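# Remarks on the overall topology
For reference, the chains in residue letters:
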Amino acid sequence: MRARRVSLSDKARTVPRIHLLGTLTIVTVLTVLLGSFFTWQNLVDQKQSIERLDEAISRQLVERLQSEMALALDYVRFTRAGTEELLRVQLVGQVDQAVAIAEGIYRSASEAHTPEAVRRLIVEALRPARFFDGRGYYFIDDMEGRFILLPTAPQLEGRLLPDNRDDTGHFIMRGLIEAARKPREESFSRYRWYRPDDPERMADKLAYVRHFQPFDWLIGTGDYIHEWEARQQRAVLARLRSLRFGDSGSFSVIDRDGRVLLSADTPELEGKRLDEIPPSVAQLLGVIVDQARDGSGVMRYEWPGREAGPSIPKLAFAQKTETWDWTLIATVAEKELHDELTRERLSAEAVNGGRLLNFGLVIGVVLLIAMSGSLLFSQWSRRLFRAYHEENSAQRGALRQQASKLRESEDRLATILDSVEAYIYIKDPQYRYRYANRQVRELFGCELDAVIGRGDDAFFDADTAQNLLENDRLVIEQGERVAIEEHNVTHDGREARTFLSVKLPLRHDDGEIYALCGISTDITQRKRMEDEIRQLAFYDALTGLANRRLLIDRLQQQLLASARSGQYGALLFIDLDNFKTLNDTLGHDAGDLLLQQVAHRLGFCVREGDTVARFGGDEFVCMLNELGDTPTSAATHAKAVGEKILEALRQPYHIDSRSHVSTPSIGVTVFAGHQSRVEDLLKQADMAMYQAKASGRNGMRFFDPKMQARLNERAELESELRSALEAGQLALHYQPQVNVDGTTIGVEALLRWTHPVRGAIAPDAFIPLAEETGLILPIGNWVLECACDQLRRWSASPDTAGWTVSVNVSALQFRQSDFVELVVDTLARHGANPHRLTLELTESLIYDIDDTLPRMHALKAHGIRFSLDDFGTGYSSLAYLKRLPLDELKIDRSFVRDLLTDPNDATIARTIVSLTRALGLQVIAEGVETAEQRDELIVQGCLHFQGYLFSPPVPAEGLEASLKR
């Protein structure tokens, strides 16, 4: 966002002077005309002419006073009106700078540090910052009203104070949070806060805040309005002091307390009250102040002379202004009036008397007005892109976790089944117990004597006894082997168990059955475990919803049913916005409670035949069936359900006695029959959901085939990149690096890809893709080979023997276990001088300094140089930086580009140069495109450059040809 600084331009500051010269010109012209007229008149009219001239000059002098007073009042009002706008511009600049620091830290540190560590880095980076003459500091609060950073009261950091008020009852924290939710140009909040010079009193303060989305913070600063008004008052007084009109015209200012703020003619009165100055002067000034209050006009008076000298007749025009409740007094000595009248009389007498002297007056007007352009502030805002989660990895992790729990349950069940002791008993043909082992006796709760001779009706209820009798008859009467589950309930009905019973007939030698032997295994626990396993396998343990496995199974069934019925269905992929923030702030227990409440609300948003599933983490999927026989009707129904879900999930949640608001992002895709696979439908809904997040969250988007086309295009580019190296489509171009004399001292090797169909492909398009896919490793090795071979070639020529070759090395490439051996062997094979090879590293390697430092020292031992590329765009730790064996720092092109227009970039560049000097390193500026940029860098102490001002990247042959020319 570009903010405009409200200030007077050079032209505006000269307006009073121009007006003064114009007024003098008008007076002079009128004087000449009147003099000519008086010369033509009869001598009889001389006296009347002089009187009219006296009246005209007096009137002009009064008008002059009034005109100067009007200009002064306009200037005072203008300056006062711009006070708050000036403060707003300064606040916006400071907060934008703080947010830029926070975003830089977040981008550079989020991958290598935990979120909590990143928060600490940001807080500690902003804590020492002071500005506005030491009054200004940065504060950070979260959007719930908790102090994160408050340098003036660190004891409050971490406390939740959303209801803190000022002495007027205004809610300070609520006002800041509300301002952070507004558009950036409206994110101001006014409140009262304790004065630094008087901690017991509050004063009006204006604050500006911005929402820092990665941690749901607001970052802001503020300052006291009265301090800026005092600053503007000083500027106004200085301006009025410098104003002079005529030979003696000047301004004086008296405040409402009677204190003399400005007295250009008698500066010794400044700062004193009327009761502290000589009584005669005080009385005179009091009359003038009363006249200004009454609006009486111009006043004539005698002003006491210096050192007991004669008094000076003066004219004064005073006027009271509501701005700061000042009284402004414009004064001029009457001597100017008398002198003018004397000159006019002499001139008239000379003309009328001798008519020999020609009346002439030459007035020269010299205008020296230099117009200067106002300095424009431009600040670039970068939006923070949220990296997509590795969804497939998260899903696989969830499946592994569920599978692990299932295996644990199965192992426990196997252990239980292996350790169960059987219930063994024998019954006679009358179905009375003849034997019962310990398990049976413990089941019946009596000793063996109390069991023998009794039947099942003595121990079980009537239904159980009847069922057991029927099973026993198959054995005793028909001689069958029975294996059956029996559900037995005790006689008092308090306990019910399930047994797996195997019953065999016992026979005499002649085959006659004399008894029944039963072996029963208590499988009650196993039956319960089977029910739990079924629940774990197909339902989410936390919410009780269908899990991913059950959802996929039902979706496959619905696709088959849809093919038969011709009915369309829809998938709604739901992801909770900022769910991680809740987990990080309130803990995972609170997150689980939120997920349970979300699942409960989703159940009321769909029909009974639809499916609601928890897909994993904070993701849910709703499968809607039978939405109509056309895609349009299905989409209409799906949209209605989606809007119902949005409204339901937007409502506040009550979590641990707290009210929490969460919003969803929903992706929708419509399906029918066998047109799509299950995996494709889930991907489509997932992509639509991420499109909803990219559009600001808290919304719903339908699947757009263009999203799939972009993914396909990326996959195609990846495939073509894999074959580009073998096909000879990659090439190295070299961009010169020059010193202050314009002499080439080295080059940087830059990779270029010329596609046979697409043409030249920008490095920004394929290098990040190469790093993501790992292709950067073979490509990086090829670049190193080519660069070393070219370095050897140049070393054979006197013109290029002293050149160094800089090669960019990615973090993935540098972390290879054999990277040191690879570089040393490549140099040796090509016979290249290692002292002429520079490896350019990025700041991301600093975060893993324990792994980086030994490799750098090993390469440094062979003479290889190191350069830290794009310095200043990451979050380099100076403690780490001084440990690295670096030879060179490169100022990133983003700072060079706005060096002449952005004071912040100029300051950063100057700081980097000073840092390199302190560390004994060489500094080189990238992206130098104009001579003005080069000259400014030279002034700042940077003596090495690289950019299009000197040469674009060209093939080695083109570089050598340019040397010959």
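Everything below is about the structure printed above this text.
This report concerns the structure included in the present document. What you see is a predicted model; the values in this text were computed from it and never measured.

At a minimum axis separation of 9 Å, helix α20 (residues 776-795) and helix α22 (residues 819-830) run at an interaxial angle of 35°. Judged by the sense of rotation from one axis to the other, the crossing of α20 with α22 is right-handed. Here Asn781, Leu784, Glu785, Cys788, Asp789 and Arg792 of α20 lie close against α22, whose contacting residues are Leu822, Val823, Thr826, Leu827, Arg829 and His830. Taken together, the residues of the contact of α20 with α22 sort by class into five nonpolar, three polar and four charged.

Turning our eyes to something else, we now look at the sheet that holds strand β13 (residues 482-489). Across the sheet, five strands lie side by side as β12-β11-β15-β14-β13; this open sheet has antiparallel pairing. Looking along the sheet, the strands with just one partner apiece sit at the ends: β12 (433-436) and β13. Sheet twist, expressed as the average angle between the axes of neighbouring strands with direction ignored, equals 25°. Where strand β11 (residues 423-427) and β12 come together, three bridges link them in antiparallel fashion. By the bridge assignment, Tyr425 is partnered in β12 with Ala436.

Quick look at the environment of Asp522 now. Position of Asp522 among the secondary structure elements: in strand β15 (residues 513-522). Using a relative accessible area of 17% as the deciding quantity, one classes Asp522 as buried. Among the polar contacts made by the side chain of Asp522, one reaches the side chain of Arg497 at a distance of 3.3 Å. At a separation of 2.7 Å, a polar atom in the side chain of Asp522 contacts the side chain of Thr524.

For the rest of this paragraph, the subject is the sheet that holds strand β5 (residues 217-224). Strand order in the open sheet made by the five strands is β2-β1-β5-β4-β3, with antiparallel pairing throughout. The strands lining the two open edges of the sheet, one partner per strand, are β2 (147-149) and β3 (188-195). Strand after strand, the sheet turns through a mean of 35° between neighbouring axes, direction not considered. In this sheet, β5 lies alongside strand β4 (residues 198-212) in antiparallel orientation, the contact comprising eight bridges. Across the sheet, residue Phe212 finds its bridge partner in β5, namely Trp217. Most of the contacts of helix α3 (residues 115-126) go to β5, to which it runs at about 10°, and overall it touches β1 (139-142), β2, β4 and β5. Packed on one face of the sheet, helix α4 (residues 172-181) meets β1, β2, β3, β4 and β5 and runs near 150° to β3.

The rules behind these values
Residues numbered from 1 in each chain as written. Predicted model: local features only at pLDDT ≥ 70, side-chain atom pairs only at ≥ 80, totals over all residues. Heavy atoms only, no water. Axes fitted to C-alpha atoms, helices over the stretch in contact; angles between N-to-C directions. Helix = DSSP H or I, 4+ residues; strand = E, 2+ residues; numbered from the N terminus. Left-handed = near helix turned anticlockwise from the far one by under 90°. Contact = heavy atoms within 4.5 Å. Nonpolar A, V, L, I, M, F, W, Y, C, P; charged D, E, K, R; others polar. Pairing = 2+ DSSP bridges. Buried < 20%, exposed > 50% of the residue type's maximum accessible area, 1.4 Å probe, protein only. Polar contact = N/O pair within 3.5 Å; in protein donor to acceptor, adjacent residues only side chain to side chain.

Read these as layout, nothing more, since geometry by itself doesn't imply function.
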